[in-house]
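The chain contents come next:
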Amino acid sequence: MMRQSMEWRLPSRRIVYALGTAIVVVTLLLFQFRPSTSSPFGHRSRSWAAASGPMRDIRNSTLGFEKIFVVGLPSRSDRRDGMVLQAALSDMEIEFIDGVKGADVPDKAVPMTLPDSKRLPDASIGSWRAHMNAVREIVHRNLSSALILEDDTDWDIRIRDQLHDFALSAHALTQPLRGRPGVYADPTYPQPSGDASEPLPEMDFYQLPATVPPTTSPYGDDWDVLWVGHCGMHFPFRDSKTVPQARIIRLDDETVAPKKNLWTINIPFTLKETYPEHTRAYHHAQEGVCTLGYALSQRGARRLLHEVALKDVGAPYDILLRFYCEGDKGRSPGRQCLATQPSLFHHHRPAGPASANSDISNHGQNGEFNEKALTDMVRWSVRLNAEALMEGRTDFVDQWPDE
Ligand SMILES: *[C@@H]1O[C@H](CO)[C@@H](O)[C@H](O)[C@H]1NC(C)=O
Ligand SMILES: *[C@@H]1O[C@H](CO)[C@@H](O)[C@H](O)[C@H]1NC(C)=O
């Protein structure tokens, strides 16, 4: 009896030691990979001084792109005023690209290459043309890359931090692993098999693999589109044969609004339904909606001119960009379009009649009135903190606080 209990007790002590050791190791690992900080959120403590080489350029006045273009109708002087002020307060250099009214674009100038093509409504034609003017400019001037923003967007005061982290993720998604030429962290990159039963490649933002540093752009050497401003984005569909599958998941991003304030046009809203509060995700773009803000590389701009300016204009521009990214509707596959959820750029809605909010559709024709200016999902909005920024204060208003 005695002997039996000794035998029972000995292994149990061994298990206790083993468990203890495991706990110590795991704790050490956690402390090593999670930046230590007094705030519950990790990334404030990341130091820019550590950013090396081309990554540093993300801090420059064009956010690590060669240019920032803002598209919109010249007649919307109110929006240009807002953009010039926001850019100044963000230390950003912007250049306006004139949009056009759809009615001023003649039929002959709109490629309709399919026998049953019908001209889209003027609002969609105008938007397509405005964006194509910007894309054409990138190609014409041979810019290495450019960020294109719509003229009613707003962003977070911490946009450079957000883009820095986007760049780190972009490297993990598209740069080869260090010391392993031709091998990528995402086994489905660059072209997935479409087999939905393969394991989902999910990476932790705080433990990204070491990749070959990029040489041509701080965001990586192999991308066409960085779709960072949208009003809805899906995670890559598991059976897609053109969209690589990896998800980079980043917990505790303090710039992510609480779930109660997040919305999307793309249902189901997997990010909100599956992951904890304040989670950000980085992945290849799937079914993006709205083109509030996106960057193009020179390669991406040339391909876009070919696939979207010169092929059938049978859908609004954001849907054409989706076809382009996913190699759909007569567009070649193999484009690399990266995205993040939630979006980094959102529409700013000033106080006043809601009808002023869209040059495209007639929202708010029934006399709706916005009492309060707001920018959905952007916590430390540059626009709404303009006074504090101008006065050098740092008591920024968080539009979407917790609780
Ligand atoms: C910012 O960095 C990018 C990428 O290196 C570069 O192309 C661009 O010229 C820089 N912008 C400015 C204003 O120096
Ligand atoms: C465009 O830029 C690339 C890279 O800097 C250069 O190699 C190429 O010659 C340029 N093309 C033209 C037409 O200037």
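Quick note: structure is the one above.
Residues numbered from 1 in each chain as written. Chains lettered and ligands numbered in written order. Predicted model: local features only at pLDDT ≥ 70, side-chain atom pairs only at ≥ 80, totals over all residues. Heavy atoms only, no water.

**Considering the overall build of the chain**
Right, on to step 1. Secondary structure summary: the chain contains eight helices and 16 strands in total.
Right, on to step 2. Per-residue burial over the chain gives 50% buried out of 403 residues.
Right, on to step 3. The long-range share in the chain, meaning contacts at least 24 apart out of those at least 6 apart in sequence, stands at 78%.
Right, on to step 4. Looking at the chain as shown, the accessible area adds up to about 19,300 Å², and 57% of this sits on carbon and sulfur atoms. (Helix = DSSP H or I, 4+ residues; strand = E, 2+ residues; numbered from the N terminus. Buried < 20%, exposed > 50% of the residue type's maximum accessible area, 1.4 Å probe, protein only. Contact = heavy atoms within 4.5 Å. Areas by Shrake-Rupley, 256 points an atom, 1.4 Å probe, with all protein chains shown as cover.)

**Structural notes on the sheet that holds strand S11 (residues 293–297)**
Right, on to step 1. In spatial order, the strands read S2-S1-S3-S11-S6-S12-S9-S8-S5; together these nine strands make up an open sheet with mixed pairing. Bordering the open sheet on either side are strand S2 (95–98) and strand S5 (202–204), each of which pairs with just one other strand. The average angle at which neighbouring strand axes cross in this sheet is 25°, direction not considered.
Right, on to step 2. When strand S3 (residues 145–150) meets S11, the two strands line up antiparallel, connected through five bridges. Across the sheet, the residue bridging to serine 145 is serine 297, located in S11.
Right, on to step 3. Its contacts with the sheet put helix H6 (residues 298–309) on S3 and S11, and the angle it makes with S11 is roughly 100°. (Pairing = 2+ DSSP bridges. Axes fitted to C-alpha atoms, helices over the stretch in contact; angles between N-to-C directions.)

**Some words on helix H7 (residues 317–326)**
Right, on to step 1. With nine of 10 residues buried, H7 is to be regarded as a mostly interior element.
Right, on to step 2. On its buried face, H7 sits against helix H3 (122–140), strand S6 (225–229), strand S10 (286–289), S11, H6 and strand S12 (337–341).
Right, on to step 3. Among the residues trailing H7, glycine 327 stands out with phi positive, at a value near 60°.

**Re the state of the cysteines**
The bond known as a disulfide is covalent and runs between the sulfur atoms of two cysteines.
Right, on to step 1. A full pass over the atoms with the stated rule returns two disulfides.
Right, on to step 2. Here cysteine 325 engages in a disulfide with cysteine 337; their sulfurs sit 2.1 Å apart. The S-S bond linking cysteine 325 to cysteine 337 shows a torsion near -95°; that makes this disulfide left-handed. In this pair, cysteine 325 sits in helix H7 while cysteine 337 sits in strand S12, placing the two residues 12 residues apart along the sequence.
Right, on to step 3. On the accessibility criterion, cysteine 337 (2% relative accessible area) is buried.
Right, on to step 4. Along the chain, the cysteines that take part in disulfide bonds pair up as 1-2, 3-4, counted in sequence order. (Disulfide = S-S within 2.5 Å.)

Geometric descriptors of this kind do not, in isolation, establish any biological role.
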